[in-house]
Structures are given as C-alpha cells and as structure tokens.
Amino acid sequence: MIEINNLNKRFASAHVFENYNKQFQGKRVCLQAANGRGKTTLLMMLAGLEKPQSGQVLYNNQALKSPQNIVSIASDRIALPDFLTARQVIELSCKALKKDMPEQLITGFNFTEHLKTRFSALSSGNQKKCQLITAFLKQAPFLLLDEPSAALDQTSIKFLLTLLDDYLNDKPNGQIIITSHEQEVFIQHGFECTSL
Ligand SMILES: Nc1ncnc2c1ncn2[C@@H]1O[C@H](COP(=O)(O)OP(=O)(O)OP(=O)(O)O)[C@@H](O)[C@H]1O
C-alpha cells in the first residue's frame, strides 16, 4: 500500500499540494479530482519522476530512494524519445528491463501495424497504447496509470481491463492506482474510487 505524509509540491505558479496526507488502502484504486488538481503530478511523484519540496511516501511501510525499481507508470507527462519508432521505444524498455519483445501486449492492443511509425507520428490513442505496453512490460508491483482508457478504442479498453483483472495475481503486495474521468468501467472491474 502507498501512504503519503505531509507532502508539499509547488510549481512557480501553483502550490498543488500543501501538507497533503493520503493512504491508498485498496488493491485497485481510481483517483478522482477535477482537472488541474494534481492527479498527474501525484502519480509522477509516486513514481519518483518528480520531486516534492518536502514530504514522505511509504511503499508497504518503506521509504525508498529509488521507487522506480518497484513502480511502473504510464502517463502523457513522461516525454518519450518521439523521434524513435514505436518499436524502438518498446525495444529500449526491453533492453533496460532485459525482457523479450512483449508480443502478447502488442497483439492484444492491435499495435503491430504501428510499430514502424515514429512515436511523434502516432495518433494519441496509439501513443497511449505504446505507453501502456511499456508500463505493463515492466511488471512492477506498483502500477500507476494516468488516464489509461483515454483515447483508446473499445476493443483496446476491453484488453486493458483483462490485463488489469490479472495484474495482481502474482503480486500479493502490489497495488494499482489509476486516474480516470471515466470511472464506471473501472468500478465494474473492482476499482475503488477515492478523492485526491
Ligand atoms: N511543469 C509544470 N510547471 C508548472 N505548473 C505545472 C507543471 N506541471 C503541472 N503544473 C500545474 O500543476 C497543477 C496540477 O496539474 P496536473 O496535471 O497534475 O493536474 P491533473 O489533476 O492531472 O489534471 P487533468 O485532470 O487535467 O489531467 C496544474 O495547475 C498545472 O498547471
């Protein structure tokens, strides 16, 4: 479980989190808040990719210097090397994680025909699929997905839901946290909604 204590995060123009405390209790959590309240920023901090000014995050009661080792994230906020083809982007992750090309994920998301396309030239739905493929490839205990169904077609949403249904089967201490403005479908798949 992830627990956040006294978190402060300020950008030049906005104090997004001020002494923020939260415990994510459920195994599958859908984080809710209006646009611009800080959902993406929070996921980025939980993944160790953005730094708060102060505060503590505990992962199963442990503070970690490098949460990247146990957290996988998919978010539009993460800049991928968009001059590479989708295949090259996925291969980079495979190399870093010492994993084979995730053929099942690629097929499941109907992504094969887009592998040769430069990331920057992919449609937003296909960019989302590429992000999700690299996030699921890692199989980290903590999976953070920022608006995972946004821009996906119905077939791909169904595939995403089957992946989420099974994800924690071999991760007894794992947790999935997503943000979504379309919570209903995730609630049907066992997600508990919580406000930011
Ligand atoms: N790099 C940045 N520099 C300055 N301000 C930022 C930066 N990133 C985010 N913000 C600000 O932080 C606040 C929270 O943004 P964030 O994207 O986390 O919200 P959100 O809840 O995910 O929104 P949405 O539902 O629209 O995706 C916003 O006011 C945003 O403008």
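Refer to the structure printed above.
Residues numbered from 1 in each chain as written. Predicted model: local features only at pLDDT ≥ 70, side-chain atom pairs only at ≥ 80, totals over all residues. Heavy atoms only, no water.

Quick notes on the pairing of strand S6 (residues 71-74)
Phase 1: Of the two faces of S6, the one lined by Val71 and Ile73 and the one lined by Ser72 and Ala74 are each fully buried.
Phase 2: Relative to strand S7 (residues 142-146), S6 runs parallel, the two being bridged by 4 bridges. When the bridges of S7 are listed, Ala74 appears paired with Leu145. (Buried < 20%, exposed > 50% of the residue type's maximum accessible area, 1.4 Å probe, protein only. Helix = DSSP H or I, 4+ residues; strand = E, 2+ residues; numbered from the N terminus. Pairing = 2+ DSSP bridges.)

Thoughts on the sheet that holds strand S3 (residues 28-32)
Phase 1: As summarised here, the arrangement of the 5 strands in space is S6-S7-S8-S3-S9, forming an open sheet in which the pairing is parallel. In this open sheet, the two strands that pair with only one neighbour each are S6 and strand S9 (192-195). The average angle at which neighbouring strand axes cross in this sheet is 20°, direction not considered.
Phase 2: Packed onto the sheet, helix H1 (residues 39-46) meets S3, S6, S7 and strand S8 (175-179) and runs at close to 155° relative to S7.
Phase 3: Packing of helix H4 (residues 124-138) onto the sheet brings it into contact with S6 and S7, and relative to S6 it is tilted by some 175°. (Axes fitted to C-alpha atoms, helices over the stretch in contact; angles between N-to-C directions. Contact = heavy atoms within 4.5 Å.)

Here we look at the packing of aromatic side chains
Phase 1: Within the structure shown, the criterion is met by 5 aromatic pairs.
Phase 2: Geometrically, the ring pair formed by Phe109 and Phe159 is edge-to-face, given 4.8 Å between the ring centres and 90° between the ring planes. A residue pair is termed long-range when its members are at least 10 positions apart, and Phe109 in the loop between helix H3 (103-108) and H4 and Phe159 in helix H5 (residues 154-167) qualify at 50 residues.
Phase 3: On the basis of relative accessible area, Phe159 is assigned to the buried category, the value being 19%.
Phase 4: Seen from the ring of Tyr167, Lys171 lies directly overhead, with NZ or CZ sitting 3.8 Å from the centre. (Phe/Tyr/Trp six-rings, centres within 6.5 Å; stacked < 30°, edge-to-face > 60°. Lys NZ or Arg CZ within 6 Å of the ring centre and 35° of its normal.)

Things to note about the site of the ligand
Phase 1: Close to the ligand lie Phe11, Val16, Ala34, Asn35, Gly36, Arg37, Gly38, Lys39, Thr40, Thr41, Arg77 and His181.
Phase 2: Here an oxygen atom of the ligand and a backbone polar atom of Arg37 are 3.2 Å apart.
Phase 3: The side chain of His181 places a nitrogen or oxygen atom 3.1 Å from an oxygen atom of the ligand.
Phase 4: With the chains in place, 62% of the 640 Å² that the ligand exposes on its own is no longer accessible.
Phase 5: With 3 residues, H1 is the largest single contributor of residues to the shell around the ligand.
Phase 6: Taken together, the residues of the shell around the ligand break down into 3 nonpolar, 6 polar and 3 charged. (Near = heavy atom within 4 Å. Polar contact = N/O pair within 3.5 Å; in protein donor to acceptor, adjacent residues only side chain to side chain. Areas by Shrake-Rupley, 256 points an atom, 1.4 Å probe, with all protein chains shown as cover. Nonpolar A, V, L, I, M, F, W, Y, C, P; charged D, E, K, R; others polar.)

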